[in-house]
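Chain and residue survey
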Amino acid sequence: MDTDVVISGAGPTGLLLAAELALAGVRVRVLERRQRRHQQSRALTLHPRSIEILDLRGIAERFLALGHTVPGWHFAGLPKHLDFSVLDTRHGYTLFLEQARTERLLEERARELGVEVCYGHEVVSLAQDDDGVTVTGTAPGGEFHLRAAYLVGCDGGRSTVRACAGIGFPGTDGTMSAMLGDFAVVDKEAIAAAGRTPVLITPLTGGLTRFVLADAERMRVPATEPVTFAEFRDALVRLAGTSFGIAEPKWLSRFGNATRLTEKYRDRRIFLAGDAAHIHFPAAGQGLNTGLQDAMNLGWKLAADINGWAPPGLLDTYHSERFPVGQLVTDNTQAQTLLLELTLVPEYSRPVSALRAMMDSLLDIPDVNTRLAGQVSALATCYPAPGEDPLVGTRMPDIALGSPGLRVSTLLHAGTFGYIDFSGAGAAQVAEGWTGRITVAAGGDRSWADDVSEVLVRPDGHIAWVRRENSPPDAATRQARLAAWAGTPAQPAVRR
Ligand SMILES: Cc1cc2nc3c(=O)[nH]c(=O)nc-3n(C[C@H](O)[C@H](O)[C@H](O)COP(=O)(O)OP(=O)(O)OC[C@H]3O[C@@H](n4cnc5c(N)ncnc54)[C@H](O)[C@@H]3O)c2cc1C
């Protein structure tokens, strides 16, 4: 093998996945067809669960230092925003950070861990067999062939990996499009005086200003058609009554609501993650965030397999856990988009405006906010395990642990499982049996679940197993339950 894992695509998903694999000692090569990193940013947001997973690896501060936080984010473009500050997290906000900066930080992290990111390398075909995948591509030096145990397509909505693997991408074509423009010159006074306008106006770094708009006259133009400056300016005047003095466009782009979800996240030795697995309208800013969480779910599982201790079936849980999340995101973005699209259609404009007003008022109900904010922030993401304790599959809150300064997030920095022993029953057994795979902590704040005596937390921060006080400690049960996730104890590592 030339390497353990090849990742196609150095977007946010591919870069985080590469870092996760490298953290676990897996050899990984990222192939990126662009010659250099993107300078423009599609996404501008990191939602609470994304900050939490960065925190699980001790790198959240790098991102927080470059962005600024706002207490929530919009849903369907309704006037009232979702309030993340009421959610049970230390990061109850949206971090406003341009995608180009997020990618730079993720690439720095991956390189620190020894990942090779190969720009100018385009994957063009692949062939998989029982032992691995052969990836063929083009690079400045000519054609290349790489052999790896696994290939992950993180290569965006038009994924070459997905197409070459023959994996279906069912869904619906776009019915509407919107436009964005980043401009170096704007009339700041006109912006300040604008008041409420249907145009989203956002200051970016480097003195740029972003305008995002959906214009009834241009909404049926296919997303693939380039935007002209005149078209953008005319749409601004139609919608806001002014062009806001825009000049020197740095980026003009059209994006649509085509919505598709891969039929499978895994096909034997090939995996899909991020936009390669799901595309949708960027309603409530979820695409990049969902891709990061795909990467976090897949990284430790692939690493466990390569490092020779993955329990049977672990790799298949990537599809069974992430497919339902993809369904939820594609469903909620379609619902949101319909609420936007129909206001632009004359015969529906009036009733849909009434529906939007009704939805807006419902956001005042705390339970409604909690439900939608939990979904958009991804804090409510759960990987349910029928028949198990209801806590299994939920995300472990970042509680303080027994040792001073130790929290759940710090316990997982090395990408291992975390085992928290609130009762002193199993720490010695676990520390001895799963050295290097499970990090052990004793004691902690039990107010989140006061009858839990032991808990096993997965490397991605979700709960794998709990024991409650009403079931007595039992070494054999503990061993079996931990082995089901973290492999046979003290098993000699057989690297693939
Ligand atoms: C206008 C707009 C606003 C958005 N705002 C938000 C937001 O606020 N929040 C949010 O969460 N999401 C947002 N999104 C969505 C977000 O931008 C994407 O979900 C995110 O970029 C997906 O990341 P990715 O790494 O999966 O794919 P990509 O970012 O698409 O990266 C894929 C990479 O693969 C490379 N590649 C493609 N083919 C090959 C090949 N054959 N060989 C090698 N490399 C290849 C590409 O060059 C690219 O670098 C927005 C999207 C749009 C259009």
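Residues numbered from 1 in each chain as written. Predicted model: local features only at pLDDT ≥ 70, side-chain atom pairs only at ≥ 80, totals over all residues. Heavy atoms only, no water.

Per the UniProt record, "domain: FAD-binding" (unreviewed entry) is found at residues 2-333. The span residues 2-333 shows a helical share of 30% and a strand share of 28%, and its end C-alpha atoms are spaced 40 Å apart. (UniProt positions renumbered as here; feature names shortened; annotations may be inferred. Helix = DSSP H or I, 4+ residues; strand = E, 2+ residues; numbered from the N terminus.)

Here we come to the domain arrangement of the protein. Its domain assignment divides the protein into domain 1 (3-172 + 260-377), domain 2 (177-256) and domain 3 (408-486). Every contact between the two is made by 15 residues of domain 1 and, on the other side, 16 residues of domain 3. Taking both partners together, domain 1 and domain 3 bury about 1,300 Å²; carbon and sulfur atoms supply 58% of that area. By the criterion of area lost to domain 3, the three top residues of domain 1 are Leu-56, Trp-300 and Trp-309, representing 44% of everything that side buries. (Domains from an automatic or database assignment. Contact = heavy atoms within 4.5 Å. Buried area = accessible area lost by both parts, 1.4 Å probe.)

It is worth spelling out the sheet that holds strand S15 (residues 209-213) at this point. Reading across the sheet, the four strands line up as S14-S15-S13-S16 and stay open at both edges, with antiparallel pairing between neighbours. Pairing within the sheet leaves two strands with one partner each, and these edge strands are strand S14 (200-203) and strand S16 (247-256). Averaged over neighbouring strand pairs, the angle between their axes works out to 20° when direction is ignored. Alignment of strand S13 (residues 177-185) against S15, held across five bridges, turns out to be antiparallel. Paired with Gly-181 across the two strands is Phe-211, which belongs to S15. (Pairing = 2+ DSSP bridges. Axes fitted to C-alpha atoms, helices over the stretch in contact; angles between N-to-C directions.)

As a structural note, the neighbourhood of the ligand is formed by 31 residues, with Glu-32, Arg-34, Gln-99, Asp-275 and Leu-288 the closest of them. One nitrogen or oxygen atom from the side chain of Arg-42 is found 3.0 Å from an oxygen atom belonging to the ligand. One of the backbone nitrogen or oxygen atoms of Leu-44 is found 3.2 Å away from an oxygen atom of the ligand. Contact with the protein chains hides 91% of the accessible area of the ligand, taken as 1,000 Å² for the molecule alone. If one sorts the elements of the shell around the ligand by residue count, helix H8 (residues 287-306) sits on top with three residues. By residue class, the composition of the shell around the ligand is ten nonpolar, 14 polar and seven charged. (Near = heavy atom within 4 Å. Polar contact = N/O pair within 3.5 Å; in protein donor to acceptor, adjacent residues only side chain to side chain. Areas by Shrake-Rupley, 256 points an atom, 1.4 Å probe, with all protein chains shown as cover. Nonpolar A, V, L, I, M, F, W, Y, C, P; charged D, E, K, R; others polar.)

Let's shift gears to the nonpolar core. Counting 84 residues, the largest nonpolar core has Val-5, Ile-7 and Val-152 as the members making the most contacts within it. Per-domain counts for this core show at least three residues from each of domain 1 (3-172 + 260-377) and domain 3 (408-486). By size, the runner-up hydrophobic cluster in this structure holds 29 residues, among which are Leu-44, Leu-87, Phe-255 and Val-352. (Core = buried A, V, L, I, M, F, W, Y, C linked by side-chain atoms within 4.5 Å. Buried < 20%, exposed > 50% of the residue type's maximum accessible area, 1.4 Å probe, protein only.)

Glancing now at the packing of aromatic side chains. Given two aromatic rings, one states the distance between the centres and the angle between the planes to describe the pair. For the structure shown, the criterion picks out 13 aromatic pairs. Three or more aromatic residues joined by ring pairs make a cluster, and in this case those are Tyr-150, Tyr-265, Phe-271, Tyr-318 and Phe-323. The ring of Phe-169 has Arg-162 lying over it, and the distance from NZ or CZ to the ring centre is 3.5 Å. The ring of Tyr-150 is capped by Arg-269, whose NZ or CZ atom sits 4.9 Å from the centre of that ring. (Phe/Tyr/Trp six-rings, centres within 6.5 Å; stacked < 30°, edge-to-face > 60°. Lys NZ or Arg CZ within 6 Å of the ring centre and 35° of its normal.)

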